Amino acid sequence: MVEGRTKPLLSPLPPPQPHPPTHNTPSLPPDNAAFGSSTTASLLTMRCPGAVRMYVTNSFPVLDGKVQPIHRHVFDFNLRNSDASSKRYHELMERVRRGGGENAVLRHTQKNKKLLVTERLRLLLDKGPFLELSPIAGMGMPYGDVPAAGCLTGIGKISGIWCMVIANDATVKGGTSYPVSVKKQLRAQHIALQNHLPCVYLVDSGGGFLPLQAEIFPDKNHGGRIFYNEAVMSALGIAQVAVVCGSCTAGGAYIPTMAEETVIVDRIGTIFLAGPPLVKAATGEEVSPEDLGGATLHSVVSGCTDHFAATEKDAYERARDIVAALNLEPGPSDQPEAEEPLYTEGLGGLAPASYTHTLNIRLVLSRLTDGSRFLEFKALYGTTLVTGFARIKGHLIGIVASNGRLSHNAALKGSHFVQLCDQRDIPIIFLQNTDPSVTETATLSQAEAVTNQLKAQAAMMSAVACSTVPKVTIVIGGCYGAESFAMCGRSFDPNFLFLWPNARVAIVGPSHCADYPGAEAESRDETELQRLKERLEEESSAFHSSSRVWDDGVILPQDTRTVIGQCLTIIKQHRHQLRCVGRGHPLLRM
């Protein structure tokens, strides 16, 4: 899709100085031993802003990221599976990059004289990283492939401000909206609402796909919700800007007319509820698209648009000017200081092929955190969950990472730590790999233990659900059953949720489906049971999940640190904006 999608936010840093794999002693002169004194802290702060904070976190213990020889066979098995999953990921991404196919691209660019969606983004966005969301949405749907769900969504900088961009791709099904297209746009708007990001819509849409109208029109979270969200975000002070760079027909017409400011491109942009063919069918009148709803009509007569652009390039320049006039503070220009991890290779071998092929989660952390440093919290209690503080790309974060089944003690520990981060206003990163099996309760004592475990997990779910700090979830292995809720699964509303290509999303794993309640009938028929297992295997894959927008995209393990850093930088912008409280009402057009 867009070049630079996984480009790091930070400029290349010099290689970090080697650190011994032990708790470092502060390297200050002896007379500065009393570091906690206000005088010393003030001096450090005056000399170098942020020095106190970085000094403290640089003293975090260093993790041992070496894979032991006894675990090498597990590592190698995981690596082979990870390579196969990554190959599948690249194949899907290549199909998505082709859009609607060669003929559709030629018709779009040569006959209709329009730019491709990737070219439009290059003109609109500042140079730098672009975090694309759900790129393989719409692939393998029951109604056929809809590459990228017919629209490209993502977060990039426009005039120095992080913005959510929602851009129709008219080479895919003529820009018409399928059910998955609506779902992808709604998810993008929800992320913008959570993170207070201005929305810029590049509209080139034929409206809803009528044969599937029952799945895109009547319900609460169908097409109309897009317009509702525009009004609500405008009322909250989250700017809504639209560029009409193609046909805006039927439902597509409401996006620019509900935006706060709209740019339209001459001879290319049109807005109408019913196009010329329907007008002729209904009244017998022949009218051109330009006369019915072109740029001149809406800029001079109707007032539906606010800025007239002679070319697409002019339109995106005007959109950049509009964002520059939003009176928003872009946040600090200097990036936080960051060390590279001491261990940079081998994440593919740490991506679990299955729950039984899981290595210690600290090995993953040693490859994600700055300097491979990690201050663990309750290290000896509830060891099947790892919690603690670290920095990623310079951002202080709390980490909640699966290291086995979420036991009673682990869940209590997780509740404590999540509330601790919430109290200190520290974002939380969840690394999820939950148990795919069904818990058996054959005896009274087992039932009692499971009951206590469930109560502890419920407490952790409440802590996660009610925490107000930003949360980013990475599913590195399994996303199974109720444990996935406590680990901030999709229904617990993380700011961002990504999957590794090897990840699995289901109630139970395929090998445990016969043990699940309600499977008795199938278990009598081995053929039917085998079909059920195969279906579960297919429907639990990361690609099945991402194609249905159950997450924000599949990312390669080696890109995880960069993506988390991008998310944290985007989240941080909200705290630096001049106007965080909205006006209480949407901007109403004439």
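Numbering of residues starts from 1 in every chain and runs along the sequence as written. This being a predicted model, a pLDDT of at least 70 is required before a residue's local features are given, and a value of 80 or more before pairs of side-chain atoms are given or counted; all residues contribute to the totals for chains, interfaces and linings. Excluding hydrogens and water, the side-chain values take into account all heavy atoms of the structure.

Help me understand the sheet that holds strand E10 (residues 385-392), please; the structure alone is not making it clear to me.
Within a sheet, adjacent strands bond to each other through the backbone by hydrogen bonds, running parallel or antiparallel. Strand order in this open sheet of 6 strands is E9-E10-E11-E12-E13-E15, and the pairing throughout is mixed. Two strands close off the open sheet at either side, each with one partner strand: strand E9 (375-377) and strand E15 (496-499). Geometrically, the sheet is characterised by an average inter-axis angle of 20 degrees between neighbouring strands, direction not taken into account. Any two strands between which DSSP finds at least two bridges are classified as paired. Strands are runs of DSSP state E lasting at least 2 residues, helices are runs of H or I lasting at least 4, and numbering of each runs from the N terminus. Relative to E10, E9 runs antiparallel, the two being bridged by 3 bridges. Across the sheet, the residue bridging to Leu375 is Phe389, located in E10. Here helix H15 (residues 408-424) sits on the sheet and contacts E9, E10, strand E11 (395-402) and strand E12 (428-432); the angle it forms with E10, its principal contact strand, is near 30 degrees. Axes here mean lines fitted to C-alpha atoms, for a helix over just the part in contact, with angles spanning 0 to 180 degrees between N-to-C directions. Throughout, a residue-residue contact means that at least one pair of heavy atoms, one from each residue, lies within 4.5 Å.

What's the story with the environment of Gly565 in this structure? I'm lost.
Structurally, the position occupied by Gly565 is in helix H21 (residues 560-573). Once the C-alpha coordinates of Gly565 and His395 are considered, the two residues, 170 residues apart in sequence, prove to be 7.6 Å apart.

Even after reading the chapter, I still don't get the side chain of Asn495, so can you show me in this structure?
Assignment of secondary structure puts Asn495 in the loop between helix H17 (483-486) and E15. For Asn495, a relative accessible area of 7% corresponds to the buried category. In protein, a polar contact means a hydrogen-donor-capable atom and an acceptor-capable atom, both N or O and within 3.5 Å, with residues adjacent in sequence counting only if both atoms are side-chain atoms; elsewhere, any N or O pair within 3.5 Å suffices. At 2.9 Å, the side chain of Asn495 forms a polar contact with the side chain of Asn195. If we ignore the near neighbours within four places in the chain, the residues touching Asn495 are Arg187, Ile191, Gln194, Asn195, Pro470, Lys471, Asp552 and Ile571. Burial classes follow relative accessibility: with a 1.4 Å probe on protein chains only, a residue under 20% of its type's maximum area counts as buried, one over 50% as exposed, and anything between as partly exposed.

Please clarify how the pairing of strand E5 (residues 240-249) should be interpreted in this entry.
For a regular strand, side chains alternate in direction, first toward one face of the sheet and then toward the other. Where burial is concerned, most of E5 is hidden: 9 out of the 10 residues are buried. The parallel pair strand E4 (residues 199-205) and E5, bridged by helix H7 (residues 224-235), forms a crossover whose chirality is right-handed. Note on handedness: a clockwise path from strand one over the helix to strand two, with the strands aimed away from the viewer, defines a right-handed crossover.

Could you clarify how one ought to interpret the packing of helix H5 (residues 117-124) against helix H12 (residues 312-324) in this entry?
A pair of packed helices is captured by two measures, namely the crossing angle of their axes and the spacing between those axes. Contact geometry for H5 and H12: axes closest at 9 Å, N-to-C directions at 45 degrees. Relative to H12, H5 is oriented oblique. For the pair H5 and H12, the crossing hand works out as right-handed. Contacts from Arg120, Leu123 and Leu124 in H5 reach Glu312, Lys313, Tyr316, Ala319 and Arg320 in H12. Put simply, Ala, Val, Leu, Ile, Met, Phe, Trp, Tyr, Cys and Pro go in the nonpolar bin, Asp, Glu, Lys and Arg in the charged bin, and everything else, Gly too, in the polar bin. Looking at the contact of H5 with H12 residue by residue, the classes come out as 4 nonpolar, no polar and 4 charged. Angular relationships are summarised with four words: roughly parallel below 35 degrees, roughly antiparallel beyond 145, roughly perpendicular across 65 to 115, and oblique for the angles in between. Definitions for this section: a left-handed crossing has its near helix turned counterclockwise from the far helix by less than a right angle. A right-handed crossing has that turn clockwise.

What is the right way to read the pattern of salt bridges from this model?
Should their charged atoms come close, side chains of opposite charge can pair. Each reported salt bridge corresponds to a side-chain nitrogen of Lys or Arg within 4 Å of a carboxyl oxygen of Asp or Glu. Under the criterion given, the structure shown has 18 salt bridges. The partner of Arg504 in a salt bridge is Glu537, with the nearest N and O atoms 3.1 Å apart. Taken together, the residues Arg504 in strand E16 (residues 504-506) and Glu537 in helix H19 (residues 526-539) connect sequence positions 33 residues apart. Overall, Arg504 belongs to the partly exposed group, its relative accessible area being 22%. Accessibility expressed as a relative area gives 37% for Glu537, which makes it partly exposed. Beyond isolated ion pairs, a larger network of salt bridges with shared partners links Lys114, Arg120, Asp204 and Glu312.

Looking at this structure, how should I read the packing of aromatic side chains?
Describing an aromatic ring pair means giving the distance of the ring centres and the angle of the ring planes. Aromatic rings from Phe, Tyr and Trp, taking only the six-membered ring of Trp, are treated as a pair when their centres fall within 6.5 Å; an angle between ring planes under 30 degrees marks them as stacked, one over 60 as edge-to-face, and anything in between as tilted. All told, the structure shown has 7 aromatic pairs when counted by the stated rule. Pairing Tyr178 with Phe209 gives two aromatic rings, centres 4.3 Å apart and planes at 15 degrees, and the pair type is stacked. Of this pair, Tyr178 sits in the loop between strand E3 (161-168) and helix H6 (179-195) while Phe209 is found in the loop between E4 and H7, placing the two residues 31 residues apart along the sequence. When its relative accessible area of 26% is taken as the criterion, Phe209 is described as partly exposed. Grouped by ring-pair contacts, the aromatic residues Tyr143, Tyr178 and Phe209 constitute a single cluster. The residue whose ring lies beneath Lys378 is Tyr381, and the NZ or CZ to ring-centre distance is 5.4 Å. By the criterion adopted, a ring carries a charge over it if an Arg CZ or a Lys NZ lies within 6 Å of its centre and within 35 degrees of its normal.

In this structure, what is going on with unusual backbone geometry? I would like to understand it.
Unlike most non-glycine residues, Ser134 shows phi in positive territory, near 45 degrees. With respect to the helices and strands, the residue Ser134 is situated in the loop between strand E1 (131-133) and strand E2 (151-158). According to the relative accessible area criterion, Ser134 is buried, its value standing at 2%. Even without glycine at this site, Lys378 takes up a positive phi of about 55 degrees. What makes Lys378 partly exposed here is its relative accessible area of 34%.

What should I look at first to understand the packing of H15 against helix H16 (residues 444-466) in this one?
Relative to each other, H15 and H16 sit at 15 degrees, their axes nearing to 8 Å. Judged on the interaxial angle alone, H16 and H15 are roughly parallel. Read as a crossing pair, H15 and H16 show a hand that is left-handed. Touching His408, Ala411, Leu412, Gly414, Ser415, Val418, Gln419 and Asp422 of H15 are Asn452, Gln453, Ala456, Gln457, Ala459, Met460, Ala463, Val464 and Cys466, all from H16. Residues of the contact of H15 with H16, tallied by class, amount to 9 nonpolar, 7 polar and 1 charged.

Which parts of the structure should I look at to understand the environment of Ser205?
Residue placement: Ser205 occurs in strand E4. Note on Ser205: relative accessible area 5%, which makes it buried. Along the chain, Ser205 and Asn168 lie 37 residues apart, while their C-alpha atoms are 6.3 Å from each other. Setting aside residues up to four positions removed in sequence, Ser205 forms contacts with Asn168, Gly175, Ser177, Ser247, Cys248, Thr249 and Gly252. From its side chain, Ser205 meets the backbone oxygen of Gly175 in a polar contact 3.1 Å long.

Just to check I follow, could you spell out the environment of Thr468 for this structure?
On the secondary structure map, Thr468 appears in the loop between H16 and strand E13 (471-475). Taking the C-alpha atoms as reference points, Thr468 and Cys421, 47 residues apart in sequence, are found 9.5 Å from one another.

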